[in-house]
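Spelled out, the chains give:
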Amino acid sequence: TGKFTYDPGFLSTASCSSAITYIDGDKGELLYRGYPIEQLAVHCDYMETCYLILYGELPSVEQKKAFTARVTQHTMVHEQMQFFLRGFRRDAHPMAVLTGLVGAMSAFYPDSINLHDAGQRDISAVRLIAKMPTLVAMAYKYNMGQPFMYPQNKLSYTGNLMRMMWATPCDEYEPNPVIERALDRILILHADHEQNASTSTVRLCASSGTNPFAAIAAGVACLWGPAHGGANEASLNMLYDIQAQGGVAKIGEFINQVKDKNSSVRLMGFGHRVYKNYDPRAKLMRETCHEVLDALGLHDDPLFKLAMTLEKIALEDDYFIQRKLYPNVDFYSGIVQKAIGVPVSLFTAIFALARTVGWIAQLNEMISDPEYKIGRPRQLFTGAVQRNVVPIAQRA
Ligand code: CMC
């Protein structure tokens, strides 16, 4: 490969240095700014986690209050964004809508699009974190044909998201604390994950100097794929398929299909590029999953029973053991979201909302790095060698 290293899929290439998230895939460790995810999930909420990821330290009480107040001040979106959204078909996938809306923010907030101005980047960061729940909920309400709910800022970040998704203007709405905590934990566990595909996309996109909203829209687009953030939706759809074919009794047949060398079927929500022993986020999400199923009395629901049986069978199967394939965070986050009433088509949008802070922190880090350059991978050319053009009339 001459001067270049050929590394498709970046299996062994470090594209940047970073001080945000540390992963030890063999030990199953995940730290945000040095803090183990297990401690953050228990002692912090999503707002504290955002502050930590963005600014490098956990906030004091005063700092958290000030940050939350700033975010709260920006939760509404420009009223005209509604009309942009209404241009979509009513059945548009929320990730299609979100990719469009986040990209469109560059047009709605032109006063904070200069990537090289740290102050503008900070306002964009706050705007994005604040408005993502509003946009995700609007995409959902639009699918449902229900009126949009404006943010109500006396609620927590997550409580507000719940209200914007599930309340109607006719009724009072109080977020259920068990659901609020579960959803908040989903957000914490998805907040950053070092140089995954969507984060690398954001970095590459922003390396050209484009604006932060455009770069985050690129991240949303990448996250949508079923091998990445789309796995939570794909995993639930897989469970529905197995259920439609006969449920628990058909798991064996499905697993055989996955194991068949000639089939491209994968067990969605299983496997990870970096975690080869277990995914620490999955362990925490599994706990939440059982808490939620207990609290909502759903342990006997056929879909959830199916999920738990599939998990057990796969974990004991040689194919999965040999390849070190374990359930990842998306397997359980899909089940939790389904249990608490998030529609399946919205799962990846919730992931995008949670990951926004990570994308922004990584973008900030890149722009502030004196070694940062436009990303420009090289290639191993395998096409035709030089040849002469034959005028069309003379071509065979
Ligand atoms: N089901 C069945 N077989 C699998 C799976 C799976 N989910 N994942 C990997 N394998 C097999 C694969 O066929 C290959 O087998 P063989 O060596 O016989 O050819 C071996 O395991 C290695 O697979 P790979 O594709 O080289 O592994 P990778 O590190 O490139 O892929 C992955 C990682 C996450 C893309 C993959 O495991 C996968 O497609 N999983 C399902 C989708 C999913 O759940 N993605 C969410 C990841 S976690 C959240 C996030 O990042 O967004």
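Reading the values: rules and limits
Residues numbered from 1 in each chain as written. Predicted model: local features only at pLDDT ≥ 70, side-chain atom pairs only at ≥ 80, totals over all residues. Heavy atoms only, no water. UniProt positions renumbered as here; feature names shortened; annotations may be inferred. Helix = DSSP H or I, 4+ residues; strand = E, 2+ residues; numbered from the N terminus. Rg over C-alpha atoms; globule rule 2.2 N^0.38 Å. Buried < 20%, exposed > 50% of the residue type's maximum accessible area, 1.4 Å probe, protein only. Contact = heavy atoms within 4.5 Å. Areas by Shrake-Rupley, 256 points an atom, 1.4 Å probe, with all protein chains shown as cover. Lys, Arg positive; Asp, Glu negative; His and termini not counted. Charge placed at Lys NZ, Arg CZ, Asp CG, Glu CD. Pairing = 2+ DSSP bridges. Salt bridge = Lys/Arg side-chain N within 4 Å of Asp/Glu carboxyl O. Disulfide = S-S within 2.5 Å. Near = heavy atom within 4 Å. Polar contact = N/O pair within 3.5 Å; in protein donor to acceptor, adjacent residues only side chain to side chain. Nonpolar A, V, L, I, M, F, W, Y, C, P; charged D, E, K, R; others polar. 1 Å grid on protein atoms, 1.4 Å probe; cavity = no way out; pocket = protein on both sides within 12 Å on 5 of 7 lines; lining within 4 Å. Points joined across faces, edges and corners; volume = space filled by probe spheres on them.

As recorded in an unreviewed UniProt entry, the chain goes by Citrate synthase and comes from Thiomonas delicata. Reading the Pathway (unreviewed entry) entry of the UniProt record for the chain gives the comment "Carbohydrate metabolism; tricarboxylic acid cycle; isocitrate from oxaloacetate: step 1/2." UniProt, in its Sequence similarities (unreviewed entry) section for the chain, records the words "Belongs to the citrate synthase family."

A.B. asks: Whenever I open this one, the overall build of the chain confuses me. Can you help?
C.D. replies: The helix and strand inventory of the chain stands at 17 helices and three strands. Relative to a compact globule of 396 residues, whose C-alpha radius of gyration would be 21 Å, the chain shows 22 Å and is just as compact. For the chain, the spread of C-alpha atoms along the principal axes amounts to about 75 × 55 × 50 Å. Split into buried and exposed, the 396 residues of the chain put 49% on the buried side. Considering only residue pairs separated by 6 or more positions, the chain has 73% of its internal contacts joining residues 24 or more positions apart. When the accessible surface of the chain is summed, it comes to about 19000 Å², and 54% of that surface belongs to carbon and sulfur atoms. Taking the average location of the 38 positive side-chain charges in the chain and that of its 39 negative ones, the two points are 7 Å from each other.

A.B. asks: Would you mind going over the sheet that holds strand β3 (residues 35-36) with me for this structure?
C.D. replies: Note: strands within a sheet are paired through backbone hydrogen bonds, in either parallel or antiparallel orientation. Read from one edge of the open sheet, three strands run β1-β2-β3, paired in antiparallel fashion. Either end of the sheet is taken by a strand with one partner, and the two such strands are β1 (21-24) and β3. Of the strand pairs in this sheet, β1 and strand β2 (residues 29-32) are connected by four bridges, and their pairing is antiparallel. What sits directly across from Tyr 22, in β2, is Leu 31.

A.B. asks: Can you help me understand the pattern of salt bridges in this one?
C.D. replies: Where charged atoms from two side chains of opposite charge come close, those side chains can pair. Within this structure, the stated rule accounts for 14 salt bridges. One salt bridge in this structure joins Lys 64 and Glu 48, with 3.0 Å as the shortest N-O distance. Of the two residues, Lys 64 is situated in helix α3 (residues 61-73) and Glu 48 in helix α2 (residues 46-55); the sequence distance between them amounts to 16 residues. The class of Lys 64 is partly exposed, set by a relative accessible area of 24%.

A.B. asks: Looking at this structure, I do not really get the state of the cysteines. What am I missing?
C.D. replies: Here a disulfide denotes a covalent bond joining the sulfur atom of one cysteine to the sulfur atom of another. Taken as a whole and judged by the stated rule, the model has zero disulfides. The thiol of Cys 222 is not disulfide-bonded; the next cysteine sulfur, from Cys 205, is found 11 Å away. The exposure class of Cys 222 is partly exposed, given its relative accessible area of 24%.

A.B. asks: Can you walk me through the site of the ligand in this structure?
C.D. replies: Among the 22 residues in the neighbourhood of the ligand, the closest are listed as His 228, Lys 261, Arg 266, Leu 267 and Gly 269. Gly 269 places a polar main-chain atom, nitrogen or oxygen, 2.9 Å from an oxygen atom of the ligand. Starting from 940 Å² of accessible surface for the ligand in isolation, the protein chains cover 75%. Its residues placed into classes, the shell around the ligand shows 10 nonpolar, six polar and six charged.

A.B. asks: Whenever I open this one, empty space enclosed by the protein confuses me. Can you help?
C.D. replies: Gaps between atoms show up when a probe of the same size as a water molecule is rolled over them. Under the counting rule described, the total for this entry stands at three cavities of 30 Å³ or more. For the largest cavity, the calculated volume is near 90 Å³. Of the residues assigned to the lining of the largest cavity, the class counts are seven nonpolar, three polar and one charged.

A.B. asks: What am I meant to see in the environment of Gly 225 here?
C.D. replies: Its location among the elements puts Gly 225 in the loop between α10 (212-223) and α11 (231-245). Residue Gly 225 is classed as partly exposed on the basis of its relative accessible area of 25%. With 33 residues separating them in the primary sequence, Gly 225 and Asp 192 have C-alpha atoms 17 Å apart. Among residues more than four places away in sequence, those in contact with Gly 225 are Gly 230 and Ala 231.

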